[in-house]
Amino acid sequence: MTMSATGPEQDTRTHPLAPRNLVAAAVGSYIPLVLAVAVVALPLVWMLLSSFKTPGEVLTRDLSVLPHSLAPDNYLQAAREVPFVRLFVNSAIVTVIGAGIKVLLAIFTAYALVFVRFPAKKLIFAAILVTLMVPPQVSLLPNYMLVSGLGGADTYWGIILPGLGTGFGTFLLRQHFMTLPISILEAAEIDGAGHWRRLTRIVIPISGPSIVTVALVSIVFEWNDYLWPLVIVTDPSMMTLPVGLTLLANTESDALAYGVMMAGSVAVIVPVLIVFASLQRYVIAGLTQGAVKD
């Protein structure tokens, strides 16, 4: 029995560690991945390093990547100029309440659209999708006139209320609920379980990753929202952290205060990065759930 002349060459080409395969993997996967991570991470790293730099290190013709000292002078000066504790509390209240209500509304609405029989379901779902296509700037003036007319200026509920009208969570959870085995819910219905019991005992427990994904997106949006709180709030004691940075920018308007501005930006970004890092495995599971079929 003789071996084909092309046999060894074919084995070399199909081996996972063959040079051709390594080059294809690097060009097709690793290099784009490294570039994407660099585009996202490098500005954050530069901001963090700049928050420890002195004005002379920031405004210089010679590139200085690393600060000469890690003394938190910029953070202390930012804390003296702006009441970060109060701003942090305001952002935490708005984020927890706003994101919590958004998640509950998304769960209830998505469950109704999938498992409850009522007329015009498709029309209602289409109307929810339309809200995703409307830029928030379009509704800024009507929302301001309505909320301020109701006395919601400089209040927590005035900041939270307009942001509740979003269809992203409903859309994501509806698509996930449609992949759930209907036989489980039918068996629970035969056993006498109502909608509330089916939702709390069956749907929510097996939809944890998708619900966490909606919660995380809502948390990030509420925490980073800038335009609406800037419009509806004029009292400095009611400002959120992103809006509070404008106070720091107005106080530290000199170009030599870039380090202080970077310190304030780090204080705003770090909490949401911690939340994202702690929940990212659930986000990946939620986005890939139902993608693989048996």
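A few points on the structure. (Residues numbered from 1 in each chain as written. Predicted model: local features only at pLDDT ≥ 70, side-chain atom pairs only at ≥ 80, totals over all residues. Heavy atoms only, no water.)

1. Quick notes on the layout of surface pockets
Phase 1: As a volume, the largest pocket reaches approximately 760 Å³.
Phase 2: Along the wall of the largest pocket there are 30 residues; nearest its centre are Pro-162, Gly-163, Gly-165, Thr-166 and Phe-221.
Phase 3: Listed by contribution, the elements that provide at least two residues to the lining of the largest pocket are α5 (84-115), α6 (121-132), α7 (140-149), α9 (168-177), α12 (208-224) and α13 (227-232).
Phase 4: Sorting elements by how many residues they give to the lining of the largest pocket places α5 first, with five residues.
Phase 5: Grouping the constituent residues of the lining of the largest pocket by class yields 16 nonpolar, twelve polar and two charged.
Phase 6: Size it by volume and the second largest pocket reaches roughly 200 Å³.
Phase 7: In terms of lining residues, the second largest pocket is bounded by Tyr-111, Val-114, Phe-115, Val-116, Arg-117, Lys-121, Ile-182, Leu-185, Glu-186, Glu-189, His-195 and Arg-198.
Phase 8: If you list the elements that add at least two residues to the lining of the second largest pocket, you get α5, α10 (182-190) and α11 (195-206).
Phase 9: It is α10 that provides the largest number of residues to the lining of the second largest pocket, a total of four residues.
Phase 10: Considered class by class, the residues forming the lining of the second largest pocket number six nonpolar, one polar and five charged. (1 Å grid on protein atoms, 1.4 Å probe; cavity = no way out; pocket = protein on both sides within 12 Å on 5 of 7 lines; lining within 4 Å. Points joined across faces, edges and corners; volume = space filled by probe spheres on them. Helix = DSSP H or I, 4+ residues; strand = E, 2+ residues; numbered from the N terminus. Nonpolar A, V, L, I, M, F, W, Y, C, P; charged D, E, K, R; others polar.)

2. Brief notes about the packing of aromatic side chains
Phase 1: The tally for this structure, following the rule as stated, stands at six aromatic pairs.
Phase 2: The interplanar angle of 50° and the centroid separation of 5.4 Å between the aromatic rings of Phe-52 and Tyr-75 together place this pair among those described as tilted. Linking Phe-52 in the loop between α2 (19-50) and α3 (55-58) with Tyr-75 in helix α4 (residues 73-81), this pair joins segments that are 23 residues apart in sequence.
Phase 3: Ring plane angle 45° and centroid distance 6.3 Å describe the contact between Phe-108 and Trp-196, whose orientation is recorded as tilted. Placement of the pair is Phe-108 in helix α5 and Trp-196 in helix α11, with a sequence separation of 88 residues.
Phase 4: Residue classification places Trp-196 among the exposed residues on the basis of a relative accessible area of 59%.
Phase 5: The aromatic ring of Phe-118 is capped on one face by Lys-121, whose charged end is 5.9 Å from the ring centroid.
Phase 6: Directly above the aromatic system of Phe-125 lies the positively charged group of Arg-174, at a separation of 3.8 Å from the ring centroid. (Phe/Tyr/Trp six-rings, centres within 6.5 Å; stacked < 30°, edge-to-face > 60°. Buried < 20%, exposed > 50% of the residue type's maximum accessible area, 1.4 Å probe, protein only. Lys NZ or Arg CZ within 6 Å of the ring centre and 35° of its normal.)

3. Focus: unusual backbone geometry
Phase 1: At Ala-120, a position not held by glycine, the phi torsion is positive, near 65°.
Phase 2: Residue placement: Ala-120 occurs in the loop between α5 and α6.
Phase 3: For Ala-120, a relative accessible area of 43% translates into the label partly exposed.
Phase 4: Notably, Asp-154 is not glycine yet its phi reads approximately 60°, a positive angle.
Phase 5: Structurally, Asp-154 can be placed in the loop between α7 and α8 (156-160).
Phase 6: The exposure class of Asp-154 is partly exposed, given its relative accessible area of 25%.

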